[in-house]
Amino acid sequence: ASAKADNSAGEEAEANTEDQHVASFLRRARSEMPSNVVDVPSAVSNLFHSINKQRGSLTEENLSTIMSISRYALETENSSLLSYVLVDDPNCSGPGAGMKLLPAGQAYVGGSIDEGGPGADLENFAGISLPFLSSKYSSMIQDSFARKKFVKLLLRAGVKAGLSVSASAVVDVERDRTTLQLILPKLAEGELPPVRKKVKCEVSLPYYLGTVMRKKYSLVDAELSTEWERLVRSMSPDSAVGFIKLLLQLPVENSLRATPTNVPAAAKCLSGLSDATALVKDEGVSTNKLTVRLAADVAVPLRSRLYYLPPGQPGAKALDIAEARFVGQLKALKWLPCSLASSNSESTPLSLYRPEACLLDPDLNRPEMPVVHLPDPLLRRLKSSIIAQSLEWGRTAPPPPVTELVKLAHEAKCLNFDDSRRAEMYTEMVSIWTAIARAHLRGGLSPDDMRTIENLVRDPSNLFIPLRRNLEARDKIGSIVCIDRCVRMPELINHTNNRDELKRLSVASLVASNFIGDYNRATDNPFYSSPEISKATMELMNIPALEDYKTDALIRASGSFVRYCFEVEPVISSRFSAVRETFSYAMRWCIESSTDFGRTDRGGLKVWCRRLGTGPKALRPRWVSPNGPVQVVLDDSKARSALLTPEMKIQTLGVLDHHDKEDCPNARTLSRIDKEVLIHCGILRLSDGRFKIKTRARGAGATIDGASWRVQLVCALLKSMEIDRVESSGDAIDQASSSEKNCFLAPNYEPLDVLRYESLTREFKAPSMNEPVLTPMYAVFGRAPKSQKKCVLVSGGPEDYSIELEELISGYVGVLSGPATQTKPYRAAIRLLSHLENEASFTKFVNRDFGDSDAAQRWRDITERNKTLDNLRKAEL
């Protein structure tokens with residue numbers, strides 16, 4: 001025991017000594033490097049910032065660090081240590097699954113932290129639309145007192161709770177003609193009142209808007225932030241209860257005469273006192289409109305007021321102008337869950353209405369008016385609130401939703417594909433159909449309403465169906481389309497004949513490109529989360545199942561897709577673009593109906609063409625007419641397309657160019673379709689005989705020793721990799737090994753001779769050209785002078801011909817371009833062609849990269865055998 005005590009004392013002394021050394025080092029570091037010293041909150045903020053910038057999910061070490069700092073911040077009540085917080089994120093995986101780190105100003109207090117408080121109401125209202133604090137923090141909270149303490153600490157750190165209302169100011173209304181015209185009629189004699197000529201002390205605007213008032217008239221208003229307005233527009237009747245609770249928790253004031261007593265936020269301004277925390281000099285104001293977020297304890301003004309400095313009094317004066325924009329937003333938004341007064345059933349579906357279109361209490365004399373449906377305590381609070389007194393209730397009966405539907409559909413019918421209004425109508429259409437579906441479920445649609453809907457659905461040109469994901473919506477959420485552009489795709493598809501298969505593939509492709517919507521998918525159906533509403537809307541809209549989707553509807557949808565491509569000209573970024581595939585199917589159905597094709601060809605047929613050339617003279621990728629400024633051709637000959645230059649005014653197709661061996665599903669079907677469409681449109685192929693091509697070689701061809709055997713190995717390696725790739729994709733037919741199916745390793749295969757000439761020139765002449773274009777070449781296929789055997793003709797050294805030889809051999813072997821050809825084995829095999837004339841380096845790279853390759857070993861056996869046979873022949877001679 002004595003020995004243990006001595007050891008413990010020694011360890012403690014060593015620890016104290018070490019602490020003293022550390023403290024001494026830190027003091028010296030602070031004195032010698034003051035610019036590198038930061039306070040603890042800054043260091044913590046930098047640490048959190050670095051963790052937030054790391055890729056991937058949070059590690060266990062990161063989580064432990066974040067939670068330790070958070071506990072310390074709670075213990076010391078230091079909100080500056082919570083510059084970043086953990087929030088829920090279902091997309092994150094790993095140790096930090098379901099969580100990520102965000103700046104405190106971007107996070108919200110949710111139900112897991114503020115159970116039963118505003119945080120729970122906020123989460124009930126916004127759902128997963130906002131980043132709420134992670135439930136991980138719950139482990140730090142032992143009781144309700146600690147919970148309240150932690151929530152206050154988070155609010156001081158900048159975490160948001162409750163609704164966000166902003167105060168805004170038009171700093172100088174005389175500079176804003178629109179604002180001036182709105183407020184002049186509200187003023188006495190229609191003129192601005194006189195202002196003080198001299199200002200002895202600086203007076204700032206209320207609500208920390210900050211600008212000094214000097215001979216100016218400033219209009220101060222309040223509004224619901226854009227993010228909250230968006231959430232209100234998309235909320236459901238159930239989540240509206242949470243919104244109303246948050247709304248009634250806001251402190252508000254609606255005084256017609258502003259005084260320091262009834263508008264505390266403007267007390268200093270009205271009393272002529274300077275507020276140093278709010279002052280911003282005029283020189284620093286770069287805009288005439290300023291906006292700040294109101295603090296949670298500041299009363300929201302329900303009136304907009306004109307602030308100015310009048311003569312003869314020390315402080316500013318505020319003139320009441322009109323209701324605040326905040327009140328106007330509450331009047332315009334649908335945020336009140338209502339049911340019809342005649343319905344006594346608790347299970348009756350609710351709909352959202354504006355205040356002017358509903359009543360707080362039932363009125364027997366107005367049975368058509370919806371009545372606000374809320375829990376009794378909440379309804380009583382709403383009735384007695386200042387907000388409710390500022391609104392107008394039941395002023396107009398809500399218009400029949402069917403009438404609104406027809407009106408909106410007729411408006412959409414006149415819009416173009418890329419008109420932004422179509423995307424804006426999406427939210428309105430979803431709301432209208434939701435109301436109609438709920439009315440249908442409770443039997444509230446009259447026979448006239450049903451006939452109106454049937455007539456609307458019957459006309460395929462009407463746009464009345466909302467789609468959540470749509471091709472022309474682009475970066476916007478949702479659009480509205482016609483009945484031809486909606487279908488219900490089954491999970492398993494059966495077809496009976498080739499035409500049914502083509503129809504299925506075409507519809508599936510239109511769905512994949514987001515031009516047709518699948519109402520059986522949550523990504524397309526905006527009502528998917530409400531099964532009853534979804535079923536009712538599909539019944540009313542008469543959206544067909546795939547087996548009921550008519551050929552006429554497919555032809556119309558295909559014509560609409562082609563017309564969309566002609567008008568909007570979407571960019572096709574790669575060969576794997578869904579638009580490229582869909583264009584082939586759509587054109588196939590268009591040419592089947594010449595009437596529809598003629599209607600969609602109003603501006604002339606257009607096709608997507610690939611980029612040709614580089615630099616300022618290059619022909620950019622674009623949609624062009626085959627009869628336009630360039631001749632459009634199908635690139636089915638790499639040797640010929642390599643000769644094209646921008647000056648020739650010839651551009652190759654980027655659509656209608658599928659081939660049988662392409663690495664995509666249904667390549668053969670698409671290739672056959674493209675051939676039919678090209679013939680119908682009169683578009684030529686580069687392999688057509690009307691494109692004349694000749695190769696001229698200068699000098700006597702000299703055989704490059706050993707090059708033919710080395711070219712054989714490169715071909716064998718590439719072919720072997722292609723065979724392995726096809727087998728791995730599941731397309732292999734027989735079970736023979738890759739070396740046995742490799743034609744370049746067959747005993748009777750004759751390697752290609754490689755002949756060098758002084759120069760090679762290729763002449764190319766298109767039907768539209770008067771004179772051929774001469775292009776110098778460095779590697780082409782040709783015939784040997786005497787034997788007429790196929791061989792490779794090159795000019796110059798390996799540094800000259802290697803690039804063209806690589807393209808030549810790739811096409812000869814049948815290597816298709818794609819991600820697989822960019823892997824290391826493919827590139828290593830192709831690189832061997834630059835070492836054809838150097839046996840040592842060629843052998844070195846073969847042994848290094850393909851030492852254990854079966855194809856390389858068989859090639860060695862074949863070359864040794866052939867060398868032996870050659871020696872025997874020479875011995876016989």
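Thresholds, definitions, all that
Residues numbered from 1 in each chain as written. Predicted model: local features only at pLDDT ≥ 70, side-chain atom pairs only at ≥ 80, totals over all residues. Heavy atoms only, no water. Pairing = 2+ DSSP bridges. Helix = DSSP H or I, 4+ residues; strand = E, 2+ residues; numbered from the N terminus. Axes fitted to C-alpha atoms, helices over the stretch in contact; angles between N-to-C directions. Contact = heavy atoms within 4.5 Å. pLDDT = per-residue confidence, 0-100. Core = buried A, V, L, I, M, F, W, Y, C linked by side-chain atoms within 4.5 Å. Buried < 20%, exposed > 50% of the residue type's maximum accessible area, 1.4 Å probe, protein only.

(A) Structural context of the sheet that holds strand E8 (residues 303-308). Ordered in space as E6-E3-E4-E8-E9, the five strands form an open sheet in which the pairing is antiparallel. The outermost strands of the open sheet, each flanked by one partner alone, are strand E6 (289-293) and strand E9 (317-323). With strand direction ignored, the average angle separating the axes of adjacent strands in the sheet is 25 degrees. Across the sheet, helix H10 (residues 325-332) lies against strand E3 (165-170), strand E4 (218-224) and E9, angled at about 35 degrees from E4, the strand it touches most.

(B) Focus on the confidence of the model for the protein chain. The predicted model of the protein chain has a mean per-residue pLDDT of 84, with 89% of residues at 70 or higher. Throughout residues 279-286 the model reports pLDDT below 50, and contacts reaching past four residues in sequence, or to other chains, amount to 17 contacts. Every residue in residues 598-603 is under pLDDT 50, and counting partners more than four places away or in other chains gives six contacts.

(C) Layout of the sheet that holds strand E19 (residues 631-634). The three strands are arranged E20-E19-E21 in an open sheet whose pairing can be described as parallel. Each end of this open sheet is capped by a strand with a single partner; those strands are strand E20 (650-652) and strand E21 (684-685). Where E19 meets E21, two bridges bridge the pair, whose relative direction is parallel. Bridge pairing links Leu-634 to Arg-685 in E21.

(D) Geometry of the nonpolar core. Core analysis: the largest hydrophobic core is formed by 69 residues, its most contacted members being Phe-561, Phe-583, Val-607 and Phe-764. By residue number, the principal contributor to this core is helix H18 (residues 551-568), which donates 10 residues. Residues contacting Phe-561, with those up to four places away along its chain left out, are Leu-471, Leu-510, Ser-513, Phe-515, Val-579, Thr-582, Phe-583 and Ala-586. Within the second largest apolar cluster, 67 residues are counted, among which are Leu-248, Leu-290, Leu-352 and Leu-374.

(E) Quick look at the pairing of E3. Counting buried positions along E3 gives six out of six residues, so the element sits mostly inside the fold. Burial along E3 is two-sided: Val-165, Ala-167 and Ala-169 facing one way and Ser-166, Ser-168 and Val-170 facing the other are all buried. Strand direction decides the pairing type here: E3 and E4, joined by six bridges, are antiparallel. Across the sheet, Ala-169 pairs through a bridge with Val-220, a residue of E4. Direction of pairing for E3 relative to E6: antiparallel, over a ladder of five bridges. Within E6, the position partnered with Ala-167 by the bridge is Val-292.

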